[in-house]
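# Per-entry structural report
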Amino acid sequence: MATLFAATTILFIVVHNIPGDVIYVWVYDIVETYGVSWEEAERIARVMFLGYEPDKPLWQQYIDYIRNLLRGNLGYSPTFRLPVNAIVASALPWTLFILSLSLSTSFIIGVLLGMFIAWKRKTIIDPIVSAYAAFTDATPDFVTAMLLFIFLAVRLGLFPLKGAYDAEIVTPGFNLPFIANVLWHAALPVLSYVIEHIGAWTLLMKGSAVSVLEEDYVRAAIARGLRESRVVTAYIGRTAIIPLVALIAISIGSMMGGSILIETVFTYPGMGYFFAQAIGRMDYALMQGLFFLIIAGVILANLVVDLIYPIIDPRAREE
C-alpha cells in the first residue's frame with residue numbers, strides 16, 4: 001500500500017508538470033476544428049474539463065485527486081467525454097487478453113527451447129538463439145509491430161488493420177465466429193510481443209538450466225540411465241524454471257509499457273492505445289487513471305509472485 005501511495009504521488013506530480021498548457025492545447029484544437037472565436041473555444045474547453053482549475057494550487061488538486069481515488073473515481077476524460085472508469089472497464093480486458101496470450105506463449109516456448117539448448121549446448125542452435133535474443137533486445141517493440149503491420153496486414157492483407165473484432169460481421173458473445181475473429185485481430189499484437197520476448201526467456205532458461213546440470217541429482221539420474229526426456233523435464237526443467245517465475249512480474253510491467261506503442265500501431269482498443277491518445281491530448285485524468293492501473297497491476301503481480309514463490313521453491317521457505 002505504501003508503495004502504491006508513493007508511486008501515485010510521484011505520478012501526480014510528474015503528470016501535472018508536463019510542459020505546456022492543457023487548456024491552450026484544447027482551445028487551439030477547438031478553434032482549428034470548429035472555427036469559433038478564441039473566447040468561445042476557451043469556454044467550451046473549460047466545460048469539457050469539468051471543473052479543472054489550472055490556477056488552483058497543486059496541493060489542493062492533489063487532495064481532490066486522492067479523495068476521488070479513495071472513492072474509486074478515476075476522473076473524467078474530456079478526450080472521449082467519458083468517465084475514466086468506463087474507459088478502463090472497456091480497455092483493460094483487451095490488454096489483459098493479449099498480454100496473457102503473449103506472456104504465456106513466449107514463456108512456454110522460451111522455457112522449452114532454453115532447456116533443449118542447455119542439454120544440447122554444442123549445437124548450432126545455441127549461437128543462433130543468442131544472436132536472435134541480442135537483436136530483439138536491441139530492437140524497440142514498436143519497430144517489430146510496424147514491420148508486421150506493414151508486411152502482413154497492409155501489403156499481404158492477411159490480418160485486419162485495426163480493432164479487436166469486426167463488429168459488422170460477428171456478434172459479441174461466447175460463440176465460435178466471435179472467438180475466431182477476436183483471435184484473428186489479436187494475432188499480430190501477440191506476435192509482436194512473442195518475437196520480442198521469446199529470445200530473452202530462452203537465454204534465461206538456458207542459464208538457469210546449465211547451472212542445474214552440475215547438480216549431483218542430475219548426474220545421478222543420467223548415471224541411472226533414465227530417458228533423456230525425463231531428465232530434461234523432471235530433473236532439469238522443474239528446478240531451472242523456478243528463478244524465472246519471479247521474473248514474470250517484471251515482464252508484465254515491461255509488456256504493459258510496450259503496449260502503448262504496439263496497441264497504437266494496430267489501433268487495438270486496449271489501455272496502451274488510450275494511453276497514447278491521452279498523452280497526445282494532455283488528458284490528465286486519463287493519463288493518471290491508466291498510470292495508476294498499470295502501477296497497481298505491477299505491484300499486485302510482484303505480490304502474487306512473493307506469495308507463491310515459497311510454494312514452488314521449498315528452499316525459500318522459512319524453517
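The rules we used
- Residues numbered from 1 in each chain as written.
- Predicted model: local features only at pLDDT ≥ 70, side-chain atom pairs only at ≥ 80, totals over all residues.
- Heavy atoms only, no water.
- Helix = DSSP H or I, 4+ residues; strand = E, 2+ residues; numbered from the N terminus.
- Core = buried A, V, L, I, M, F, W, Y, C linked by side-chain atoms within 4.5 Å.
- Buried < 20%, exposed > 50% of the residue type's maximum accessible area, 1.4 Å probe, protein only.
- Contact = heavy atoms within 4.5 Å.
- Axes fitted to C-alpha atoms, helices over the stretch in contact; angles between N-to-C directions.
- Left-handed = near helix turned anticlockwise from the far one by under 90°.
- Nonpolar A, V, L, I, M, F, W, Y, C, P; charged D, E, K, R; others polar.
- Phe/Tyr/Trp six-rings, centres within 6.5 Å; stacked < 30°, edge-to-face > 60°.
- Expected span 1.5 Å × (residues − 1).
- Arc of directions from axis to C-beta.
- Parallel < 35°, antiparallel > 145°, perpendicular 65-115°, else oblique.
- pLDDT = per-residue confidence, 0-100.

## A word on the environment of Gly280
Mapped onto the elements of the fold, Gly280 is located in helix α12 (residues 271–280). Sequence separation between Gly280 and Thr79 is 201 residues; the distance between their C-alpha atoms is 9.9 Å.

## Things to note about the nonpolar core
Most often, soluble globular proteins have nonpolar side chains that are buried together. Counting 75 residues, the largest nonpolar core has Val218, Ile236, Phe266, Tyr268, Phe274, Leu286 and Leu290 as the members making the most contacts within it. Of the residues forming this core, the biggest block, 13 residues, is contributed by helix α8 (residues 176–213). Contacts of Tyr268, omitting those with residues within four sequence positions, involve Trp94, Phe97, Ile98, Gly163, Ala164, His185, Ala186, Pro189, Glu263 and Tyr273.

## Describing the packing of helix α5 (residues 84–119) against α8
Following both chains from N to C, one finds α5 and α8 inclined at 35°, their axes separated by 4 Å at the closest point. Crossing handedness for the pair α5 and α8: right-handed. Residues of the contact of α5 with α8, tallied by class, amount to 28 nonpolar, seven polar and one charged.

## Brief notes about the packing of aromatic side chains
Tallied over the full model, the rule gives 10 aromatic pairs. Relative to Phe291, the ring of Phe275 lies with its centre 4.6 Å away and its plane at 90°, an arrangement referred to as edge-to-face. You can see Phe275 sitting in helix α12 and its partner Phe291 sitting in helix α13 (residues 284–312), a full 16 residues away along the chain. You can call Phe291 partly exposed: its relative accessible area is 31%. What links up through ring pairs into an aromatic cluster is the set Trp94, Tyr165, Phe178 and Tyr268.

## Section: helix α6 (residues 125–138)
Counted at 1.5 Å a residue, the expected span for α6 with its 14 residues is 20 Å, and the 20 Å between its end C-alpha atoms agrees. Of the positions making up α6, those classed as buried are Asp126, Val129, Ala133 and Thr136. Seen from one end, α6 has its buried residues packed into an arc of 105°, which puts them on one side. Away from its buried face, by an angle of more than 90 degrees, α6 presents the exposed residues Ile128, Phe135 and Ala138.

## Description of the packing of α5 against α12
In the contact formed by α5 and α12, the axes pass within 7 Å of each other and the chain directions differ by 130°. Here α5 is positioned oblique relative to α12, judged by the angle of their axes. Between α5 and α12, the residues in contact are Ile87, Ala91, Leu92 and Thr95 and Met271, Gly272 and Phe274, respectively. The class makeup of the residues in the contact of α5 with α12 is five nonpolar, two polar and no charged.

## Structural notes on the confidence of the model for the protein chain
Summing up the model confidence of the protein chain, the mean pLDDT is 82 and the portion of residues at 70 or higher is 93%. Mean pLDDT per element in the protein chain: helix α3 (residues 38–48) is the minimum at 75, and helix α7 (residues 141–155) is the maximum at 90.

## Quick word on unusual backbone geometry
Peptide bonds are trans in most cases, and residues, glycine excluded, mostly fall at negative phi. Of note in this structure, Thr267 is not a glycine but carries a positive phi near 50°. Among the secondary structure elements, Thr267 is positioned in the loop between α11 (242–265) and α12. Relative accessible area serves as the criterion here: at 30%, Thr267 is assigned to the partly exposed category.

## What to know about the environment of Leu290
For Leu290, the location among the structural elements is in helix α13. With 205 residues separating them along the chain, Leu290 and Asn85 place their C-alpha atoms 9.6 Å apart. Setting aside anything within four residues of it in sequence, one finds Leu290 in contact with Val88, Met271, Phe274 and Phe275.

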